[in-house]
Amino acid sequence: MELKIAVLSGDGIGPEIMRQGVAVLDAIAKKYQHEVTYQEAPCGAYAIGLCGDPFPEDTYQTCLKSDAVLFAAVGDPKYDNDPNAKVRPEQGLLAMRKKLGLFANIRPIQTFDCLIHKSPLREELVRGADFICIRELTGGMYFGEKYQDNDKAFDTNYYTRPEVERILKVGFEYARMRKHHLTVVDKANVLASSRLWRQIAKEMEPAYPDVNVDYMFVDNASMRMIVEPTFFDVIVTENTFGDILTDEASCISGSMGLLPSASTGENTPVFEPVHGSWPQATGKNIANPLAQILSVAMLLEYFNLKEEGLMVRKAVDASLDAYVRTPEIQAEGYPQYGTKEVGQWIVEWINRQ
């Protein structure tokens, strides 16, 4: 297979972890005789420094012409600490999602047996947790009408039937591929937008008779995720709730550095780790590259290269089992490996298979 990949490394630790993701993808391509070409493009704070735009038109065109986007992270304290900044790195991420029509964020949450002790939750609660959060990405308060002055402000949580139907369809279909259990998360007891979500979900239920659907208010879902994460199989929810719940869920595994994600929709799909740019670690060779590498696995699986994706996952598991880990997940008494060393070990493991 021939694949054209847009590489958006972004800010902070982004370039460091991206190099390891690309190295792993190259190793897989060589082993399975695929041809992968790359086109790098700026985004985030780096792009603002170049041209004042966190998602420049040239970057957008590069993404459009590619088969997939491999993305790292954006963010810079210079903008976080300036409430008056008119342009921010994160606006580039929102613009990418909107312009590419990436309405579905797919974020798998799983535990690794050898790292369960790193989870803030008790072992008996998290062992066996394995679910997917599907978050609507291009609607809701993040994109609705906004207003702010010195005395009042509002954000409009705006959704239309087509927007809701298409993301719910993704949820139902993922549930069919897994354990046939879908949880629709909303706040239908308070919000009109949530009542529309629930109404449409109930209308769609008969088309998926093999899927067990339950409905949960977001406050209850956030609690249930902590006290019984193994309850969930597939969660589908709107943009704001999904943003909060997926970050909460990411803690279950013990490290955000272990979790990849995919954003799919109308145009080129994007594959990225769930963590941020961690600017304080830039250049220190301590960032965990596993989420970026597992994003490569999701990219391969998206193109139905299941054996290749499984090889990446096995390589990651092997590195964890061999205690080849960056500092934040390393066990006591074992050497600490850097970003480059973990990536290199995984590449060499793939080459030996």
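Before reading further, recall that the structure is shown in the block above.
Presented here is an overview of the structure given in this document. Being a predicted model, the structure only gives us computed values, none of them experimental. (Residues numbered from 1 in each chain as written. Predicted model: local features only at pLDDT ≥ 70, side-chain atom pairs only at ≥ 80, totals over all residues. Heavy atoms only, no water.)

## Examining the side chain of Thr-183
So, point 1. Residue position: Thr-183 is located in strand β8 (residues 181-186).
So, point 2. Look at Thr-183 and you get buried, because its relative accessible area is 0%.
So, point 3. Discounting residues that sit within four places of it in the chain, Thr-183 has contacts with Asp-214, Met-216, Phe-231, Phe-232, Val-234, Ile-235 and Val-236. (Helix = DSSP H or I, 4+ residues; strand = E, 2+ residues; numbered from the N terminus. Buried < 20%, exposed > 50% of the residue type's maximum accessible area, 1.4 Å probe, protein only. Contact = heavy atoms within 4.5 Å.)

## Focus: the pattern of salt bridges
Oppositely charged side chains can form a pair if their charged atoms are brought close together.
So, point 1. Tallied over the full model, the rule gives 18 salt bridges.
So, point 2. Put simply, Arg-122 and Glu-124 hold a salt bridge, and the shortest N to O gap is 2.7 Å. Across the pair, exposure class does not vary: Arg-122 and Glu-124 are exposed alike.
So, point 3. Glu-301 serves as the salt-bridge partner of Arg-313, at 2.8 Å between the closest nitrogen and oxygen. In this pair, Arg-313 is assigned in helix α12 (residues 306-321) and Glu-301 in helix α11 (residues 290-302), connecting sequence segments 12 residues apart.
So, point 4. Residue classification places Arg-313 among the partly exposed residues on the basis of a relative accessible area of 23%.
So, point 5. One salt-bridge network, held together by shared partners, links Asp-113, Glu-123 and Arg-127. (Salt bridge = Lys/Arg side-chain N within 4 Å of Asp/Glu carboxyl O.)

## Some words on the pairing of strand β11 (residues 260-264)
Every other side chain in a regular strand lies on the same face of the sheet, so the side chains alternate between the two faces.
So, point 1. Across the 5 residues that make up β11, a large majority, 5, are buried.
So, point 2. The alternating pattern of β11 places Pro-260, Ala-262 and Thr-264 on one face and Ser-261 and Ser-263 on the opposite face, and all of these are buried.
So, point 3. Where strand β4 (residues 104-110) and β11 come together, 3 bridges link them in antiparallel fashion. By the bridge assignment for β11, Ala-104 is matched with Thr-264.
So, point 4. Alignment of β11 against strand β12 (residues 270-273), held across 4 bridges, turns out to be antiparallel. Among the inter-strand pairings, Pro-260 is bridged to a residue of β12, identified as Pro-273.
So, point 5. Hairpin connection between β11 and β12: a loop of 5 residues separates the two successive antiparallel strands. (Pairing = 2+ DSSP bridges.)

## Re the sheet that holds strand β2 (residues 35-40)
So, point 1. Judged by pairing direction, the sheet is mixed, and its 10 strands sit side by side in the order β2-β1-β3-β12-β11-β4-β5-β10-β8-β9 without closing on themselves. The sheet is open, and its two borders are formed by β2 and β9 (212-217), each paired with just one other strand. Along the sheet, successive strands turn relative to each other by an average axial angle of 25°, direction set aside.
So, point 2. This element, helix α1 (residues 14-32), spans β1 (2-10), β2, β3 (68-73) and β12 of the sheet and lies at about 165° to β1. (Axes fitted to C-alpha atoms, helices over the stretch in contact; angles between N-to-C directions.)

## Here we look at α11
Every α-helix winds through 3.6 residues per turn, so residues three or four apart in the chain are directed the same way.
So, point 1. The terminal C-alpha atoms of α11 lie 18 Å apart, and with 13 residues this matches the ideal 18 Å at 1.5 Å per residue to within 8%.
So, point 2. α11 sits mainly inside the fold: 11 of its 13 residues count as buried.
So, point 3. Looking one or two residues beyond α11, the residue adopting positive phi is Asn-304, at roughly 65°. (Expected span 1.5 Å × (residues − 1).)

## Overview of the nonpolar core
So, point 1. By size, the foremost hydrophobic cluster in this structure holds 71 residues, and its most contacted members are Ile-5, Leu-168, Leu-290, Ile-346 and Ile-350.
So, point 2. For this core, the leading source of residues is α1, giving 9 residues.
So, point 3. Residues within four places of Ile-5 in sequence aside, it is in contact with Leu-25, Val-36, Thr-37, Tyr-38, Gln-39, Ser-66, Ala-68, Leu-70 and Leu-299.
So, point 4. Within the second largest apolar cluster, 20 residues are counted, among which are Ala-129, Val-218, Ile-252 and Leu-259. (Core = buried A, V, L, I, M, F, W, Y, C linked by side-chain atoms within 4.5 Å.)

## Overview of the side chain of His-275
So, point 1. Note on placement: His-275 falls in the loop between β12 and α11.
So, point 2. In this structure His-275 comes out as buried when scored by relative accessible area, which is 12%.
So, point 3. In this view, His-275 contacts Ile-13, Ile-17, Ala-73, Met-256, Gly-257, Asn-288 and Ala-291; residues no more than four positions away in its chain are not counted.

## Details of α12
So, point 1. Its 16 residues place the ends of α12 22 Å apart at the C-alpha level, agreeing with the 22 Å of an ideal helix rising 1.5 Å per residue.
So, point 2. Listed as buried for α12 are Glu-308, Gly-309, Met-311, Val-312, Ala-315, Val-316, Ala-318, Ser-319 and Leu-320.
So, point 3. The secondary structure elements touched by the buried residues of α12 are α1, α11 and α13 (339-352).
So, point 4. Directly beyond the C-terminal end of α12, a positive phi value near 60° is found at Tyr-323.

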